Amino acid sequence: MHILGISGSLRQNSLNTAALQACSDLLPPGVTMSVFDLAPVPLYNEDVRTQGLPASVQQLREQIRAADALVIATPEYNYSMSGVLKNAIDWASRPPEQPFDGKPIALIGATPGGLGTSRAQYHLRQVFVYLNGRLLNRPEVFISSAPSKFDASGKLTDAATADTLGKMLVALTELARQSTG
Ligand SMILES: Cc1cc2nc3c(=O)[nH]c(=O)nc-3n(C[C@H](O)[C@H](O)[C@H](O)COP(=O)(O)O)c2cc1C
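This write-up is about the structure you can find in this document. A quick note: this is a predicted structure, and the numbers were derived from the prediction, not measured. (Residues numbered from 1 in each chain as written. Predicted model: local features only at pLDDT ≥ 70, side-chain atom pairs only at ≥ 80, totals over all residues. Heavy atoms only, no water.)

**Regarding the pattern of salt bridges**
Thinking step 1. In total, this model carries five salt bridges according to the counting rule given.
Thinking step 2. Between Glu-46 and Arg-49 there is a salt bridge, with the nearest N and O atoms lying 3.0 Å from each other. Taken together, the residues Glu-46 and Arg-49, both in helix H2 (residues 46–51) and three residues apart, mark about one turn of the helix.
Thinking step 3. The partly exposed category is assigned to Glu-46, whose relative accessible area is 32%.
Thinking step 4. Between Glu-76 and Arg-119 there is a salt bridge; the shortest N-O distance is 2.9 Å. One end of the pair, Glu-76, is in the loop between strand S3 (69–73) and helix H4 (83–92); the other, Arg-119, is in helix H5 (residues 118–130), with 43 residues separating them in the sequence. (Salt bridge = Lys/Arg side-chain N within 4 Å of Asp/Glu carboxyl O. Helix = DSSP H or I, 4+ residues; strand = E, 2+ residues; numbered from the N terminus. Buried < 20%, exposed > 50% of the residue type's maximum accessible area, 1.4 Å probe, protein only.)

Shown next as structure tokens:
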């Protein structure tokens, strides 16, 4: 079973990318994980799409399709998901055969703020209603006051957050097993 991680932040010291890296250390037995780098994905342009998908978008779509499940880590920007993340979802979602259809997906998010990206995550859930993703309902992972939960190298140091991430990964893996029958 393979999980693809997608971070909605391009920042080198991103808390959200750090949270995905923490997931890589907490995987259930027999599960592997890789993280897709959204930096090469251009801004969406329908003219470009009709001439042929950019290589980075093709890779994103293929890796989403090949993954048994996704973990999407979203920053919260102005009470919603980051533009970087929405742009990538928009590219990947275009026909034919949009790869989110039926895909098991867990959302996580980290912020210095107190509400743990909950508002951004509920916007994302709305997006995936349209795209027919199979969203994990619980445990929800809202990492608030995040700078106090990672060390200077980006390693997760908060035991309660690690516990929740571990439980989320077990539940996501179970959802993926149910999805493949
Ligand atoms: C344009 C912008 C808008 C932001 N809006 C919010 C917000 O609505 N809620 C929040 O909790 N944090 C907000 N923040 C702070 C981010 O949560 C913070 O910068 C966080 O570290 C971004 O995620 P990253 O560390 O993965 O890059 C905002 C930051 C930016 C740059």
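We are not done yet, so read on.
**Let's talk about the site of the ligand**
Thinking step 1. By nearness alone, every residue bordering the ligand is listed as Ser-9, Arg-11, Ser-14, Leu-15, Asn-16, Pro-75, Glu-76, Tyr-77, Asn-78, Tyr-79, Thr-111 and Pro-112.
Thinking step 2. Interatomic distance of 2.7 Å between a side-chain N/O atom of Arg-11 and an oxygen atom of the ligand.
Thinking step 3. Within the backbone of Leu-15, one N or O atom sits 2.9 Å away from an oxygen atom of the ligand.
Thinking step 4. Compared with its free state, where it exposes 620 Å², the ligand has 70% of that area covered by protein.
Thinking step 5. Here the residues of the shell around the ligand are counted per class, giving five nonpolar, five polar and two charged. (Near = heavy atom within 4 Å. Polar contact = N/O pair within 3.5 Å; in protein donor to acceptor, adjacent residues only side chain to side chain. Areas by Shrake-Rupley, 256 points an atom, 1.4 Å probe, with all protein chains shown as cover. Nonpolar A, V, L, I, M, F, W, Y, C, P; charged D, E, K, R; others polar.)

**What to know about the packing of aromatic side chains**
Thinking step 1. Counted by the stated rule, this structure contains three aromatic pairs.
Thinking step 2. An angle of 65° between the planes, with centres 5.2 Å apart, marks the rings of Phe-100 and Phe-128 as edge-to-face. Pair noted here: Phe-100 is in the loop between H4 and strand S4 (104–110) and Phe-128 is in helix H5, with a separation of 28 residues, a long-range link.
Thinking step 3. Residue classification places Phe-100 among the buried positions, given a relative accessible area of 2%.
Thinking step 4. Phe-128 sits in the buried class, given a relative accessible area of 1%.
Thinking step 5. Aromatic pair Tyr-122 and Phe-142: ring centres 6.2 Å apart, planes at 65°, arrangement edge-to-face. (Phe/Tyr/Trp six-rings, centres within 6.5 Å; stacked < 30°, edge-to-face > 60°.)

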